[in-house]
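# Architecture and fold: a report
Here is how the chains run, residue by residue.
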Amino acid sequence: MRIRLAALTLGLLAGTAPFLLAHHSFSAEYDSNQPVKVTGVVTKVEWQNPHIWFFVDVKDAQGKVTNWGFSGGPPGVLQRRGISRDALKTGDSVVVEGFRARDGSNNASGGKVTFADGRSVFTASNEDRAPQ
Amino acid sequence: MLNVTKHTAALAYVIVVVLAVIANAQSKPAAGQIPRTADGKPDFSGFWDNPKEPGSRGPATTFNKEKMAPFVPGGEALFYEPRTGDPRHDEPRAFCMPSGFPSAFLGPYPVQIIQTPQYLVMQTEFMNVTRIIPLDGRPHKTDIEPTFYGEPVGHWDGDTLVIEGRNYKRWSLDDYYYQNPKEYRMHTEALRTTERLRRADADTISYEFTVDDPKIFTKPWSVQWEMKRHAEWAKTGLYEMVCNENNRCEGGKCRDSK
């Protein structure tokens, strides 16, 4: 069976819109020169202001597991788009792309979330809010 | 012959009626089609998208350099106050310090306006900031400490609501999406803002914003924005946004998740 990956936008900090929805300058906390892409399993979701956070266990080639934290949009903004706290669940397999935190920790903006099973709960586009 | 005359008269009557209807429609002021309060003022109440340049699909207003007035001598150094490397200075908003006005009202978040004869209340979902603007044109205070959000006072100029802001603390003068953190922009305590709000149509507020900071600019400069109505946001109202709840990477240092 061919698994089609659906690229889904969490609604911030993606691609050409690195300042999206942050409550301050994106670059105060994240380094747009350090893109991050990980594949793993969601271990925890913090559906809180000013940005949601979710955590992903990532296993490297040697089998060592590292837990990464990713920030998403503010809960209210996501809720207005119909994206509820149930959209991301512990145990979900995801590919997450973003930009690494400036402090070099295993934290990043989580601009793009891709589910393995094709669910499209995060398809709400943020393009209409992208900077010019 | 009589029939022809009758027809001509009937036709003339129809034409007169049609012309009268057209003339009436044209003489009806466009402003008459906008919602008005009981006292006849344009009613700005409702849920609105943040100010944007007309036709923009972007998130926010931008203070484009080309729209600004030239700097006075020394003004540029005040406007682009050099960054120090200390995040508390360089981006205090990353520590949940206030965005100030106008910055807080320019991000991509809904703004709710509630209007009474005495006050206009502007509430933005972003950080739950409220402006309570008296509409009686009272004089600005001369003996108060300057603040992040200043002291707005409104008055009516016909159908235009004019909001004059004074008493601002030296703080960020940003559109929401300044692109280059090295060019973080600030105003001085001499800042005076003038907003001119007009209901251009049932779904649009025409919003002119004027920046007058004589310590930085040689003259006032203005930008033209629009705010678009979103009646559907009334269903849920504004959501709560609390900066300090879980600001995990405050100032660029991320807290451990454990």
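Residues numbered from 1 in each chain as written. Chains lettered and ligands numbered in written order. Predicted model: local features only at pLDDT ≥ 70, side-chain atom pairs only at ≥ 80, totals over all residues.

## Notes on the overall build of chain B
Condition: Strands are runs of DSSP state E lasting at least 2 residues, helices are runs of H or I lasting at least 4, and numbering of each runs from the N terminus. Residue pairs qualify as contacts under a 7 Å threshold applied to their C-beta atoms, which are placed from the backbone.
Counting secondary structure elements, chain B contains 3 helices and 11 strands. When the helices and strands of chain B are listed from N to C terminus, the series reads α-β-α-α-β-β-β-β-β-β-β-β-β-β. Put simply, 56% of the contacts in chain B that link residues at least 6 apart link residues at least 24 apart.

## Description of the pairing of strand E9 (residues 192-201) of chain B
All names here are of chain B. Stated precisely, the cut-off is as follows: Whether two strands pair comes down to DSSP finding at least two bridges between them.
In terms of strand pairing, strand E6 (residues 160-166) meets E9 through 5 bridges, oriented antiparallel. Within E9, the residue paired with valine 162 across the bridge is arginine 196. As paired strands, E9 and strand E10 (residues 204-212) are joined by 9 bridges and run antiparallel to one another. Residue pairing across strands places arginine 199 opposite isoleucine 205, the latter belonging to E10. Turn length for the E9-E10 hairpin, with the two strands adjacent in sequence and antiparallel, is 2 residues.

## Let's talk about the confidence of the model for chain B
Residues and elements named next belong to chain B. Rules: The score called pLDDT rates the predictor's confidence residue by residue, from a low of 0 to a high of 100.
On average, residues of chain B score 86 in pLDDT, and 81% of them are at 70 or above. In the predicted structure, residues 21-29 sits below a pLDDT of 50 and forms 0 contacts with residues beyond four places in sequence or in another chain. Both scores are given for the predicted complex: the pTM is 0.81, the ipTM 0.75.

## Some remarks on the environment of B:Tyr184
By the secondary structure assignment, B:Tyr184 is in the loop between strand E7 (171-172) and strand E8 (186-187). Through-space distance from the C-alpha of B:Tyr184 to that of B:Arg83 is 7.9 Å; in sequence the pair is 101 residues apart.

## Topic: the environment of A:Trp47
All names here are of chain A. Spelled out, the test is: Any residue with 12 or fewer other C-beta atoms within 10 Å of its own C-beta is exposed, any with 20 or more is buried, and the rest are partly exposed; the C-beta atoms used are placed from the backbone.
For tryptophan 47, the position within the fold is in the loop between strand E2 (30-46) and strand E3 (53-59). With 17 C-beta atoms counted inside 10 Å, the residue tryptophan 47 sits in the partly exposed group. Each C-alpha atom, one on tryptophan 47 and one on aspartate 60, is 27 Å from the other, the two residues being 13 residues apart in sequence. Residues in contact with tryptophan 47, not counting those within four places in the same chain, are Ile52, Pro75 and Arg85.

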